[in-house]
Amino acid sequence: MIGIIITGHGNFATGLTSSVKLIAGLPEKYEAVDFVQEDSVEDLENKLNVAIDNLKGCESIIMFTDLVGGSPFKTSVEISMKREEKLIVLGGTNLGMVIETSMARGFMEDAEALADMACNTGKDQVIKYTYVEKVDEVIDGDGI
């Protein structure tokens, strides 16, 4: 199975995990790592390494991070270059991509394809709603 790690600033990871549990149940091979104000980057690195160790036996791990370029993203990238495990780092995570990826792991074994699917889902989940007032048309004549 492909493992999942969620990380981000503040309680992003545990907050997102709370929503995942509510909607889809708690997935297996899943770790949430918060980067709270009291943590140093070294603390974050240690917590991420523990999460990776907790996912031993996974063929690969997708690491979902909040902000591209932020400390959780950069630290995850640095770890991915040091560790022997196959680690794929994604930035800009939203709830839709985590839920779909978590559920798709049951039938997808290609981590790269799963990560690509997650990115596409994440992009598709971002829209701007615009209200368009309904205009009733009045038809003259007999309606034919």
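Check the entry above for the structure.
Residues numbered from 1 in each chain as written. Predicted model: local features only at pLDDT ≥ 70, side-chain atom pairs only at ≥ 80, totals over all residues. Heavy atoms only, no water.

### Description of the packing of helix α1 (residues 12–24) against helix α4 (residues 95–104)
Quick reminder of the rule: Note on definitions: angles span 0 to 180 degrees between N-to-C directions of axes, and those axes are lines fitted to C-alpha atoms, for helices only across the stretch in contact. Think of it this way: any DSSP run of H or I at least four residues long counts as a helix, any run of E at least two long counts as a strand, and we number them from the N terminus. Roughly parallel means an angle under 35 degrees; roughly antiparallel, over 145; roughly perpendicular, 65 to 115; everything else is oblique. Take the far helix as the reference: if the near one is turned anticlockwise from it by less than a right angle, the crossing is left-handed, and if turned clockwise, right-handed. When checking whether two residues touch, look at their non-hydrogen atoms; a contact exists if any pair is within 4.5 Å. Gly is put with the polar residues, along with every residue not named as nonpolar or charged; the nonpolar set is Ala, Val, Leu, Ile, Met, Phe, Trp, Tyr, Cys and Pro, and the charged set is Asp, Glu, Lys and Arg.
Following both chains from N to C, one finds α1 and α4 inclined at 55 degrees, their axes separated by 10 Å at the closest point. On the basis of their axis angle, the class for α1 and α4 is oblique. In this structure, α1 meets α4 at a crossing whose hand is right-handed. Side by side, α1 and α4 meet where L16, S19, V20, I23 and A24 of the first sit next to L95, V98, I99 and M103 of the second. By residue class, the composition of the contact of α1 with α4 is eight nonpolar, one polar and no charged.

### Let's talk about unusual backbone geometry
This is how the line gets drawn: When a residue's accessible area, from a 1.4 Å probe over protein chains only, is under 20% of the maximum for its type it is buried; when over 50% it is exposed; and in between it is partly exposed.
At K29, a residue that is not glycine, the phi angle is positive and equals roughly 50 degrees. Within the secondary structure, K29 sits in the loop between α1 and β2 (30–35). We classify K29 as partly exposed; its relative accessible area is 33%.

### Considerations on the sheet that holds strand β3 (residues 60–65)
Put simply, the rule reads: Here, a strand pair is defined by DSSP locating no fewer than two bridges between the strands.
In space, the four strands of this open sheet follow the order β2-β1-β3-β4, with parallel pairing throughout. The sheet terminates laterally at β2 and β4 (87–90), the two strands that pair on one side only. In this sheet, adjacent strand axes meet at a mean angle of 20 degrees when their direction is disregarded. Note that strand β1 (residues 2–9) and β2 share six bridges and pair parallel. Bridge pairing in β2 links G8 to D34. Sitting on the sheet, α1 touches β1, β2 and β3, and the angle it makes with β2 is about 140 degrees. Where helix α2 (residues 41–54) meets the sheet, it contacts β1, β2, β3 and β4, and its direction lies at approximately 175 degrees from that of β2.

### Points about α4
Our working rule: Polar contact criterion, stated in full: a pair of N or O atoms within 3.5 Å, where within protein one must be able to donate a hydrogen and the other to accept it, and residues adjacent in sequence count only if both atoms are side-chain atoms.
Of all the ten residues making up α4, seven are buried; the element is thus mostly covered by neighbouring parts of the structure. Within the span of α4, buried status applies to G96, M97, V98, I99, T101, S102 and A104. Buried-residue contacts for α4 involve β1, α1, β2, β3, β4 and α5 (111–124). Regarding α4, its N-cap is N94, as a side-chain oxygen of that residue lies 3.3 Å from the backbone nitrogen of G96 further along.

### Things to note about the pairing of β4
What counts here: With strands facing away from the observer, any crossover in which the path from the first strand over the helix to the second runs clockwise is taken as right-handed.
Here β4 shows no split at all, with L87 and V89 on one side and I88 and L90 on the other all buried. As judged from the four bridges shared by β3 and β4, these two strands associate in the parallel manner. Across the sheet, I61 pairs through a bridge with L87, a residue of β4. The β-α-β motif built from β3, the intervening helix α3 (residues 71–82) and the parallel element β4 has right-handed crossover chirality.

Note that all results are geometric; they support no functional claim without further evidence.
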